[in-house]
Amino acid sequence: MSIERRLEPRSPANGRALLVAHAVEHTCRLVDQSRSGLRIRLDRQISLPPALHIVDIALGVATPVQVVWQKGMDAGLKRTGEGATLRGLVPSRLIAVRDAWHRAGGR
């Protein structure tokens, strides 16, 4: 029997997302989420960098996250900041993230 250690309830999710870090762009699927974190399923098995942005492709919102755990093609991410829209003008720190979102089909 596993002990639930999460402080916040999780809700199921089923959306396309994009992971972006320096020289890294990978698509994934959102599995579930809470206010403080998310669980994702990668399209293929890769090693993720410790810190990156996750972009909800449909919403066009980028959120900074930290990788908490990774097992095979699944990973748990902790939100480390607020989400920011990639539509219109963006801060210079998010230009590469916005460009990756456009390449992934975001509009």
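Further up the page is the structure itself.
Quick caveat: nothing in here was measured; it's all calculated off a predicted structure.

J.: What am I meant to see in the side chain of D32 here?
T.: Assignment of secondary structure puts D32 in strand 3 (residues 24-33). Dropping the residues within four chain positions of it, D32 is found in contact with R10, S11, P12, A13, L38 and R39.

J.: What am I meant to see in the environment of Q66 here?
T.: Turning to its location among the elements, Q66 is positioned in strand 6 (residues 61-71). Distance in space between the C-alpha atoms of Q66 and I46 is 16 Å, their sequence separation being 20 residues. Beyond its immediate stretch of four places on either side in the chain, Q66 contacts P50, G76, L77, K78 and T80.

J.: When you look at the pattern of salt bridges in this model, what are you seeing that I'm missing?
T.: Two side chains with opposite charge may pair up if their charged atoms get near one another. Going through the model one piece at a time under the given rule, you end up with 4 salt bridges. Among the ionic pairs, E25 bridges to R103, the shortest N-O distance being 2.3 Å. You can see E25 sitting in strand 3 and its partner R103 sitting in helix 1 (residues 95-103), a full 78 residues away along the chain. Relative accessible area serves as the criterion here: at 37%, E25 is assigned to the partly exposed category.

J.: Please explain the side chain of T63 as it appears in this structure.
T.: Residue placement: T63 occurs in strand 6. Given a relative accessible area of 7%, T63 falls into the buried group. Apart from the residues within four sequence positions on either side, T63 is in contact with L52, H53, I54, R79, G81, E82 and G83.

J.: Where do I start with helix 1 in this structure?
T.: Given 3.6 residues per helical turn, the α-helix brings residues three or four places apart onto the same face. V97, A100 and W101 are the residues of helix 1 that are buried. One face of helix 1 carries all of its buried residues, which in axial projection span an arc of 105°. Exposed residues pointing more than 90 degrees away from the buried face of helix 1 are listed as A96 and R103. Buried-residue contacts for helix 1 involve strand 2 (16-21), strand 3, strand 5 (51-56) and strand 6.

J.: What should I look at first to understand unusual backbone geometry in this one?
T.: Negative phi values dominate among residues other than glycine, just as trans dominates among peptide bonds. Not every positive phi belongs to a glycine, and A23 is a case in point at roughly 60°. For A23, a relative accessible area of 78% corresponds to the exposed category.

The rules behind the values
- Residues numbered from 1 in each chain as written.
- Predicted model: local features only at pLDDT ≥ 70, side-chain atom pairs only at ≥ 80, totals over all residues.
- Heavy atoms only, no water.
- Helix = DSSP H or I, 4+ residues; strand = E, 2+ residues; numbered from the N terminus.
- Contact = heavy atoms within 4.5 Å.
- Salt bridge = Lys/Arg side-chain N within 4 Å of Asp/Glu carboxyl O.
- Buried < 20%, exposed > 50% of the residue type's maximum accessible area, 1.4 Å probe, protein only.
- Arc of directions from axis to C-beta.

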